[in-house]
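Topology and contacts: notes
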Amino acid sequence: MAELLAVFAGARSAPLVAVGGVVVDHVPPGVKDFAIAVFGTHDKTALLTGTAILLGVYAFGVGLLAVRRWPLAVGGIVLFGLVGVAAAVTRPGAGIASGIPSVVGAAAAVWVLRHLLGVASVPDDDLVEGRRTFLKQVGIVGAVAVAGGVAGRWLTSRGAATEARKDLTLPAAGEPAPVVPAGAQVQGAVPYVTPNDDFYRIDTALISPQVDPATWTLKIHGMVRNPITITWAELLQRPMVERYVTLACVSNEVGGDLIGNALWLGTPIKALLDEADPLPGADQVVQRSTDGWTCGTPTAVLRDGRDALLAVGMNGEPLPVEHGFPVRMIVPGLYGYVSACKWITEIELTRFADFDAYWVPRGWAAQGPIKTESRIDTPRDGAKRDAGPVVVAGVAWAQHRGIAKVEVQVDDGAWETAALAPAVSDDTWRQWTHTWPATSGRHVLRVRATDLDGYTQTSDLADPAPDGATGWHEVTVSVS
Ligand SMILES: Nc1nc2c(c(=O)[nH]1)N[C@H]1C(S)=C(S)[C@@H](COP(=O)(O)O)O[C@H]1N2
Ligand SMILES: [Mo]
């Protein structure tokens, strides 16, 4: 009942999603890191499954209680409904109506429990028949509940954004997209341009916000002389450019895959900020998403002339819903958590001293420039090869500074310079390749990059928190 009503009351008012959202926002960092380590990008499915199991156990307890102490059982359901209401109405952007699904869901639970209790209380001589009827009714209730839940989810996933996105054509860029140089792709490395379906996805949203471009607006306000509000139609009128930019997540481990390179279509944010005319001292641009998530970007970075874009397109398509449809920010050189707000609806000029964005009170650094890093894509860790020439290849990145050199080390040998493939710009990763004359035995291969500022990637191992992992990626290879 509740999941179905949430189709009308707002997807995030569904009790599971609302309570799950509160959990996501309040889990201690240790628990969150554990969940990501164990479940990876399936952490959300794990959370929802775990919550559903707890709910089942709780309902079982309430059912047992109902047989002896009816008022207590009703109390248990009311308490459960209140938790749902409290979670739903306190979510960002929620109103009183967001509590309706939980209230109706709880009322339906009381009614169903009463009904099932009636079915269960049969005279002793009818026990076998009575049990059969009871189990049948329980089965029907369960099936209806599952069908309602699935239907509710399906209907919300086909929301305004999914529909609008289908028949949308984006304007062409004012200038043609940069041409990917021949040779940018080397054999054995991941694709130079990451297809949308393979692009990593990281966010706090249990279900992707469905934002209808027809009603979307972006408000630029705070410490500015000219507050601005623009609509989707106005945004599309602005000059559009296409740029390849490699986006990386601060949670990416050494050797990890929370990084991808795409062709973004969008309008430079610098011009819009110039029009809004920030006041002196407004050193932070807070970007806010429709679901209340925030990130803080240095104003200076957004105005220094780099290709920071309010993006509407990704690899020739409108942004996929899970990557921020209709509009997100892309800033070359900064980790996503301080720059790449998806489903963006608000930009507020403020000071770093005055506002902490979402991840800052949760232990992450307020400033998040992407660190110079490199990764071996082939051979894989634990791979087997025959003695002789072996191709070693991968990617290296130092967005907005550019990669100067990549070196490979075998065991404790000398660092050897790998061949660098060309790249579109300093804002994307660069592929590299190296031929290793492999001899039999077990060998450790290591990679390190040097950027155009002259900085060579450190061997010091650091965890992703608070501002990005460091260390050299290594793989072990058995050669026969
Ligand atoms: N609204 C919103 N935007 C967000 C986030 C989020 O949780 N909510 N996560 C950020 C983080 S941590 C990263 S790494 C990038 C990832 O973008 P992608 O999912 O398109 O790869 O989005 C950023 N934008
Ligand atoms: Mo991230």
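Because the structure is a prediction, the values reported are computed rather than measured. Residue positions within a chain follow its written sequence, with the count starting from 1. Ligands are numbered from 1 and chains lettered from A, in the order in which they are written. The model is predicted, so local features are restricted to residues of pLDDT at least 70 and side-chain atom pairs to those at 80 or more, both for listing and for counting; the totals for chains, interfaces and linings are taken over all residues. The basis for every side-chain value is the complete set of non-hydrogen atoms in the structure, without hydrogens or water.

Let's talk about the overall build of the chain
As a reminder of what qualifies: To qualify as a helix, a DSSP run of H or I must reach at least 4 residues; to qualify as a strand, a run of E must reach at least 2; elements of each kind are numbered from the N terminus. In short, Shrake-Rupley with a 1.4 Å probe defines the accessible areas, and a residue's cover is counted only from the protein chains shown. As used throughout, the charge tally considers Lys and Arg to be positive and Asp and Glu to be negative, leaving His and the chain termini uncounted. Lysine's charge is taken at NZ, arginine's at CZ, aspartate's at CG and glutamate's at CD.
If you tally the helices and strands in the chain, you get 11 helices and 19 strands. Surface summary for the chain: the accessible area is close to 22400 Å², and the carbon and sulfur share equals 61%. Distance from the positive charge centre (38 side chains) to the negative charge centre (48 side chains) of the chain: 5 Å.

Topic: the packing of helix α6 (residues 100-120) against helix α7 (residues 127-157)
When two helices pack together, their arrangement is given by the angle between the helix axes and the distance between those axes. What counts, and what does not: Angles run from 0 to 180 degrees between N-to-C directions of axes, and those axes are lines fitted to C-alpha atoms, restricted for helices to the stretch in contact. If an angle is under 35 degrees, it is roughly parallel; if it is over 145, roughly antiparallel; if it lies from 65 to 115, roughly perpendicular; otherwise it is oblique. Note on convention: near helix rotated counterclockwise from far helix by under a right angle means a left-handed crossing. Clockwise means right-handed. In what follows, a contact means two residues having at least one pair of non-hydrogen atoms within 4.5 Å. All residues other than Ala, Val, Leu, Ile, Met, Phe, Trp, Tyr, Cys, Pro, Asp, Glu, Lys and Arg, Gly among them, are scored as polar; the first ten of these are nonpolar and the last four charged.
At a closest axis distance of 9 Å, the pairing of α6 and α7 adopts a crossing angle of 160 degrees. Taken together, the axis directions place α6 and α7 in an arrangement best described as roughly antiparallel. In the packing of α6 onto α7, the handedness of the crossing is right-handed. Seen from α6, the contacting residues are Val112, His115, Leu116, Val119 and Ala120; seen from α7, they are Thr133, Phe134, Gln137, Val138 and Val141. Residues that form the contact of α6 with α7 fall into these classes: 7 nonpolar, 3 polar and no charged.

Considering the domain arrangement of the chain
Under the convention used in this document: Domain ranges listed in this record stem from an automatic or a database domain assignment.
Along its sequence, the chain is carved into domain 1 (2-158), domain 2 (196-350) and domain 3 (373-479). Centre-to-centre separation of domain 1 and domain 3, based on C-alpha positions: 49 Å.

So, the sheet that holds strand β18 (residues 441-451)
How we decide: Paired strands, as defined in this entry, are two strands with at least two bridges between them according to DSSP.
Pairing within the open sheet is mixed, and its 5 strands lie in the order β12-β19-β18-β14-β15. What marks the edges here is a single partner per strand, and that holds for β12 (384-385) and β15 (416-417). Examined bridge by bridge, strand β14 (residues 403-410) and β18 share 7 bridges and lie antiparallel to one another. Looking across to β18, one finds that Gln409 is bridged to Arg446.

Some remarks on the site of ligand 1
Basically, it comes down to this: When we say a residue is near a molecule or strand, we mean one of its heavy atoms is within 4 Å of it. Within 3.5 Å is the distance limit for a polar contact, defined as a pair of N or O atoms, with the added protein rule that one can donate a hydrogen and the other accept it, and that residues adjacent in sequence qualify only through two side-chain atoms.
Looking at ligand 1, there are 18 residues lining it, with Tyr200, Thr204, His323, Arg328 and Lys342 nearest. Contact distances for ligand 1 include 3.2 Å between a nitrogen atom and a side-chain N or O atom of Ser289. Within the side chain of Trp293, a nitrogen or oxygen atom sits 3.4 Å from an oxygen atom of ligand 1. Within the complex, the protein chains bury 99% of what would otherwise be the 540 Å² of accessible surface of ligand 1.

Re the side chain of His323
Inspection of the secondary structure assignment puts His323 in the loop between β8 (317-318) and β9 (328-330). Sequence-distant contacts of His323, defined by excluding residues within four places in its chain, comprise Asn196, Phe199, Tyr200, Arg201, Met314, Arg328 and Lys342.

So, the nonpolar core
How we decide: Residues belong to a common nonpolar core when they are buried Ala, Val, Leu, Ile, Met, Phe, Trp, Tyr or Cys residues joined through side-chain atoms within 4.5 Å. In this scheme, a residue with accessible area under 20% of its type's maximum is buried, one over 50% is exposed, and one in between is partly exposed, where area comes from a 1.4 Å probe on protein chains only.
Of all hydrophobic cores here, the largest spans 53 residues; its most connected members are Ile220, Ile269, Leu310, Ile347 and Leu349. The leading source of residues in this core is helix α10 (residues 269-276), at 4 residues. Both domain 2 (196-350) and domain 3 (373-479) contribute no fewer than three residues apiece to this core. Apart from residues lying up to four places away in sequence, Ile220 is in contact with Pro227, Ile228, Leu272, Leu273, Ala276, Ile347 and Leu349. Counting 19 residues, the second largest nonpolar core, distinct from the first, contains Ala396, Val406, Val410 and Ala449.

Remarks on the pairing of strand β5 (residues 284-289)
Buried residues dominate β5, accounting for 6 of its 6 residues. Of the two faces of β5, the one carrying Gln284, Val286 and Arg288 and the one carrying Val285, Gln287 and Ser289 are both buried. The pairing of β5 with strand β6 (residues 294-298) spans 5 bridges and is classified as antiparallel. Following the sheet pairing, Arg288 is matched in β6 by Thr294. Adjacent in sequence and paired antiparallel, β5 and β6 are bridged by 4 residues, among which Gly292 carries a positive phi angle near 95 degrees. As judged from the 6 bridges shared by β5 and strand β10 (residues 344-350), these two strands associate in the antiparallel manner. Considered in β10, the bridge of Val286 is made with Glu348.

What about the side chain of Asn261?
Considering the arrangement of structural elements, one finds Asn261 in strand β4 (residues 259-268). Taking relative accessible area as the criterion, Asn261 reaches 0% and is therefore assigned buried. A polar contact of 2.8 Å, which involves the side chain of Asn261, links it to the backbone oxygen of Tyr192. Engagement of the side chain of Asn261 in a polar contact is seen with the side chain of Thr246, the distance being 2.9 Å.

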